[in-house]
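Residues per chain are reported as follows:
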Amino acid sequence: MTQEKFLEWLQHFINTVRPSVENKVLLILDGHSSHTGSLAAIDLARENGVVMLCLPPHTTNKLQPLDISFFCLLKTRFLQAQETWLRNNPGQKVSVCPNGCCDATSVVVCSGRACHLSLSVITAG
């Protein structure tokens with residue numbers, strides 16, 4: 001991620017969450033230079049009531065419990081579902097829907113005839 005992209009994302013975050021100096025929010029970051037190296041991002045956060053907390057280097061695997069408890073299992077199940085689908089559908093690709101029949105921001109399995117959210121495959125199996 002670049003500093004410019006982070007600044008763009010931070011503005012989106014502020015517009016969505018609507019923090020204020022009186023009603024602050026805590027944003028926990030991993031300490032990547034794109035987050036901490038931009039004075040513009042730090043100023044934007046401060047002016048809008050966003051308190052940025054950066055985790056120490058090499059500690060995110062211990063300090064981000066969702067990475068261990070939820071996302072690890074989600075990633076494992078997604079990869080299993082993807083492998084099964086690819087085995088059962090030779091020659092097909094797993095991608096964002098090329099047909100435009102699904103939300104372009106959703107990860108879907110699309111065979112060209114029908115699309116479904118991969119999450120339904122994951123939770124079912």
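Criteria and cut-off values
- Residues numbered from 1 in each chain as written.
- Predicted model: local features only at pLDDT ≥ 70, side-chain atom pairs only at ≥ 80, totals over all residues.
- Heavy atoms only, no water.
- Helix = DSSP H or I, 4+ residues; strand = E, 2+ residues; numbered from the N terminus.
- Buried < 20%, exposed > 50% of the residue type's maximum accessible area, 1.4 Å probe, protein only.
- Contact = heavy atoms within 4.5 Å.
- Areas by Shrake-Rupley, 256 points an atom, 1.4 Å probe, with all protein chains shown as cover.
- Arc of directions from axis to C-beta.
- Phe/Tyr/Trp six-rings, centres within 6.5 Å; stacked < 30°, edge-to-face > 60°.
- Salt bridge = Lys/Arg side-chain N within 4 Å of Asp/Glu carboxyl O.

(A) View of the overall build of the protein chain. What the protein chain contains, in helices and strands, is six helices and five strands. What you see in the protein chain, going N to C, is helices and strands ordered as α-β-α-α-β-α-α-β-β-β-α. Residue burial in the protein chain is summarised as follows: out of 125 residues, 22% are buried. For the protein chain, the proportion of contacts with a sequence separation of at least 24, taken over those separated by at least 6, is 52%. Only carbon and sulfur atoms are counted for the fraction: they give 59% of the accessible area of the protein chain, which is about 8,800 Å².

(B) Fine view of helix α3 (residues 39–47). Regarding α3, the residues found buried are Ala41, Leu44 and Ala45. Seen from one end, α3 has its buried residues packed into an arc of 95°, which puts them on one side. Seen from the buried face of α3, the exposed residues on the opposite side, beyond 90 degrees, are Leu39, Arg46 and Glu47. Packed against the buried residues of α3 are α1 (3–17) and β2 (50–54). Backbone geometry just after α3 places Gly49 at a positive phi near 75°.

(C) Main features of the packing of aromatic side chains. Throughout the structure, instances matching the rule amount to two aromatic pairs. Each ring, one from Phe6 and one from Trp9, has its centre 6.0 Å from the other, and the planes form 20°; the classification is stacked. Of this pair, Phe6 and Trp9 are both found in helix α1, three residues apart, which corresponds to roughly one turn of the helix. Accessibility expressed as a relative area gives 2% for Phe6, which makes it buried. Accessibility expressed as a relative area gives 36% for Trp9, which makes it partly exposed. Here Trp9 and Phe13 contribute two aromatic rings whose centre-to-centre distance is 5.3 Å and whose plane-to-plane angle is 20°, an arrangement assigned as stacked. In this pair, Trp9 and Phe13 are both assigned in helix α1, four residues apart and thus about one turn of the helix distant. Phe13 sits in the buried class, given a relative accessible area of 16%.

(D) Here's a closer look at the side chain of Ser38. Within the element layout of this structure, Ser38 appears in the loop between α2 (33–36) and α3. Excluding its chain neighbours within four sequence positions, the residues that come into contact with Ser38 are Gln3 and Ser33.

(E) Just the pattern of salt bridges, in detail. Enumeration according to the criterion identifies one salt bridge in this entry. For Glu8, the salt bridge identified is with Lys5, shortest N-O distance 3.9 Å. Taken as a pair, Glu8 and Lys5 lie in helix α1 at a separation of three residues, close to a single helical turn. On the basis of relative accessibility, which here comes to 52%, the residue Glu8 falls in the exposed class. Lys5 sits in the partly exposed class, given a relative accessible area of 48%.

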